[in-house]
Amino acid sequence: MTEPATPRISRRLSLPLIWVVPLVALAIAAWMLARQFRNHGPVVTIDFTNGAGIEAGKTELEYKGVAVGSVKSVALKPDLGGVTVEVQLTKTASSLARTGSEFWVVHPEVSLAGVRGLETILSGVVLNVRPGDGPEATHFRGLDRPPAEEDTAAGRAYILRTAEVGGLRPGAPVYYRGIKVGAVETMRLAKDASGDLVRIRVYTPYIALVRDNTVFWNAGGVSFHLSLIGAELKATSIESLLEGGISLATPDKGGLAPVARDGAEFELQARMDKDWLKWQPHIPIQPVDTTPEAPKAGAAGVPDVIAK
C-alpha cells in the first residue's frame, strides 16, 4: 500500500491581495509628502492691521506674478490690534525671508497712476512682496498699502525731515517748476519720534537740480488766498491734490552749490516762500524729451549734457 506523501510546510508569509492597494496608496502618499516637504521653504509671520480677504489655504504670496508661497493661517493678535498671517514659502523663495523684505495685500485700486490689482476681483486678494537684503528673518510688519514703485538704479534718494507729513503718501509726486521730477518712496517716524522722515527719489535726468542748498516744501492739497482784489484757489495738480506732493527750488545767487549726494538730508518746509519761485538758476540737465519732433542730443543747437 502506497504511503501518502509527506506534506511540505512553507514558512513564507502570504499577504492578502486586499492589502496591496492600501499599501501602494500609503507609499504614494508618503512619497508625495516627502516631495512636498523638500519643496518647502521657511514659514514667515506677517503682522497686518487688517486681514480683510486673506484666507488660509487659499490666499497666495506672489513675486513678479509667480506664486512663491501660500497662507497657512490667519489669526487675531492677542491684543486685538491686528492680525497675524503665517505664510509657507516655497524652497526657491527662501531668500525672501530676510530683513528688509516688504509684504502687502493687493486689493483692486484705481488711481491717477492707473488700475492695479483688478484681477483680484475674481480671484480674491493676494499678498505681494519686495525682497530685502538683510540677514535672515521670519517675522515682518506688513505694509498698509503697496509701496511706491522703486528703481534704485534710477536717480538718487534724499531724506526730508518734517514735523508732520500731512497728506503725503508713498508715490506722491516731486515737482520742479510744475514738472514731475521724482516721487515719494517711503515715510516713517524718526528714531526719537521727534518728527517724520520722508524718503524721496529724484529721477536720473534731474539729479543736478538738487544742490546742497536746495529747499523743499509740501505742495500737496489746495492753497486758498483771500485779498482785497479777490480770492485765489490753487492746486499743483490733481495728483498732488489726491496723494500730496513736494516741490523743490534751488537758489540762483552766489553760484551753484555742489550737487547733493545720494542720501543727503533736507528740511521739508510746511509752506512755500514766494521768493523761491523767483529763483532761476541755469542748471544743465540730462535731455529727456523723446517725442518724435524733438531734435536728438548732439544735433545742431542742442547741447549734449549729462548731469553729473
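On a predicted model such as this, the values are computed, not experimentally measured, just so you know.

So, about the overall build of the protein chain. When you go through the protein chain residue by residue, the secondary structure sums to 3 helices and 18 strands. Per-residue burial for the protein chain yields a buried fraction of 34% across its 308 residues. Residue pairs at least 24 apart in sequence account for 68% of intrachain contacts in the protein chain once pairs closer than 6 positions are excluded.

A separate point is the nonpolar core. In this structure, Tyr158, Ile200, Phe216 and Ile246 are the most contacted members of the largest nonpolar core, which totals 25 residues. Broken down by secondary-structure element, the contributors of at least two residues to this core are strand S10 (156–162), strand S11 (173–176), strand S12 (179–189), strand S13 (196–202), strand S17 (246–249) and strand S18 (265–269). When residues in this core are grouped by element, the largest group, 3 residues, is from S13. Filtering out sequence-adjacent residues up to four positions away, Ile200 remains in contact with Arg156, Ala157, Tyr158, Leu160, Val174, Ala183, Val184, Glu185, Phe216 and Ile246. Val44, Ile46, Val105 and Ala137 belong to the second largest nonpolar core, which has 21 residues in total.

Aromatic ring pairs are described here by two measures, namely the spacing of the ring centres and the angle between the planes. All told, the structure shown has 5 aromatic pairs when counted by the stated rule. Ring centres of Phe103 and Phe140 lie 4.9 Å apart, and the angle between their planes is 55°; on these two criteria the pair is classed as tilted. Of this pair, Phe103 sits in strand S5 (residues 102–106) while Phe140 sits in strand S9 (residues 139–141), placing them 37 residues apart in sequence. Take Phe140: its relative accessible area is 7%, and that puts it in the buried class. On the numbers, 5.3 Å between centres and 35° between planes, the contact of Trp217 with Trp276 is tilted.

Right, let's get into the confidence of the model for the protein chain. For the protein chain, mean pLDDT is 77; residues scoring 70 or higher make up 68% of the total. Low pLDDT, under 50, characterises residues 110–115; the stretch is placed with 6 contacts to residues that sit more than four places away or in other chains. Of the regions scoring below 50 in pLDDT, residues 117–121 engages in 9 contacts with residues more than four places distant in sequence or in other chains.

What follows is about the sheet that holds strand S2 (residues 60–63). Taken in spatial order, the 7 strands of this open sheet run S5-S8-S2-S3-S4-S1-S9, and their pairing is mixed. Two strands in the sheet have a free side with no partner beyond their single neighbour: S5 and S9. Across the sheet, the axes of successive neighbouring strands diverge by a mean angle of 30°, strand direction being ignored. Looking at chain direction, strand S3 (residues 66–76) and strand S4 (residues 83–90) are connected through 7 bridges and run antiparallel. In the sheet register, Ala75 faces S4, and the bridge partner there is Thr84.

This next bit is on unusual backbone geometry. For Leu80, which is not glycine, the phi dihedral falls at a positive 60°. Topologically, Leu80 is positioned in the loop between S3 and S4. Residues other than glycine seldom take positive phi values, yet Ala193 does so here, at roughly 60°. The topology assignment puts Ala193 in the loop between S12 and S13. Since its relative accessible area comes to 54%, Ala193 is described here as exposed.

Let's shift gears to the pairing of S5. S5 sits mainly inside the fold: 5 of its 5 residues count as buried. Pairing geometry for S5 and strand S8 (residues 126–130), over 5 bridges, is antiparallel. Counted as the bridge partner of Val105 is Leu127 from S8.

Another point: the sheet that holds S17. Ordered in space as S10-S13-S12-S11-S17-S14-S18, the 7 strands form a closed barrel in which the pairing is mixed. Mean inter-strand twist for the sheet, computed between neighbouring axes without regard to direction, equals 35°. Pairing geometry for strand S14 (residues 215–218) and S17, over 4 bridges, is antiparallel. What sits directly across from Val215, in S17, is Ala249.

Moving on, we get to the environment of Thr99. Checked against the element boundaries, Thr99 lands in the loop between S4 and S5. For Thr99, a relative accessible area of 39% puts it in the partly exposed group. Remark: the alpha-carbon pair of Thr99 and Gly134, spanning 35 residues in sequence, is separated by 4.5 Å. Those residues in contact with Thr99, other than ones at most four positions away along the chain, are Gly132, Asp133, Gly134, Pro135, Glu136, Ala137 and Phe140.

The residue Ala219 is located in the loop between S14 and strand S15 (223–227) in this model. Of the residues examined, Ala219 reaches a relative accessible area of 11% and is grouped as buried. Through-space distance from the C-alpha of Ala219 to that of Met272 is 7.7 Å; in sequence the pair is 53 residues apart.

Okay, the side chain of Thr59 next. Here Thr59 lies in the loop between strand S1 (40–48) and S2. On the basis of relative accessible area, Thr59 is assigned to the buried category, the value being 2%. A polar side-chain atom of Thr59 sits 2.8 Å from the main-chain amide nitrogen of Glu55. Beyond its immediate sequence surroundings of up to four residues, Thr59 is in contact with Gly53, Ile54, Ser70, Val71, Val125, Val126 and Leu127.

Basis of the calculations
Residues numbered from 1 in each chain as written. Predicted model: local features only at pLDDT ≥ 70, side-chain atom pairs only at ≥ 80, totals over all residues. Heavy atoms only, no water. Helix = DSSP H or I, 4+ residues; strand = E, 2+ residues; numbered from the N terminus. Buried < 20%, exposed > 50% of the residue type's maximum accessible area, 1.4 Å probe, protein only. Contact = heavy atoms within 4.5 Å. Core = buried A, V, L, I, M, F, W, Y, C linked by side-chain atoms within 4.5 Å. Phe/Tyr/Trp six-rings, centres within 6.5 Å; stacked < 30°, edge-to-face > 60°. pLDDT = per-residue confidence, 0-100. Pairing = 2+ DSSP bridges. Axes fitted to C-alpha atoms, helices over the stretch in contact; angles between N-to-C directions. Polar contact = N/O pair within 3.5 Å; in protein donor to acceptor, adjacent residues only side chain to side chain.

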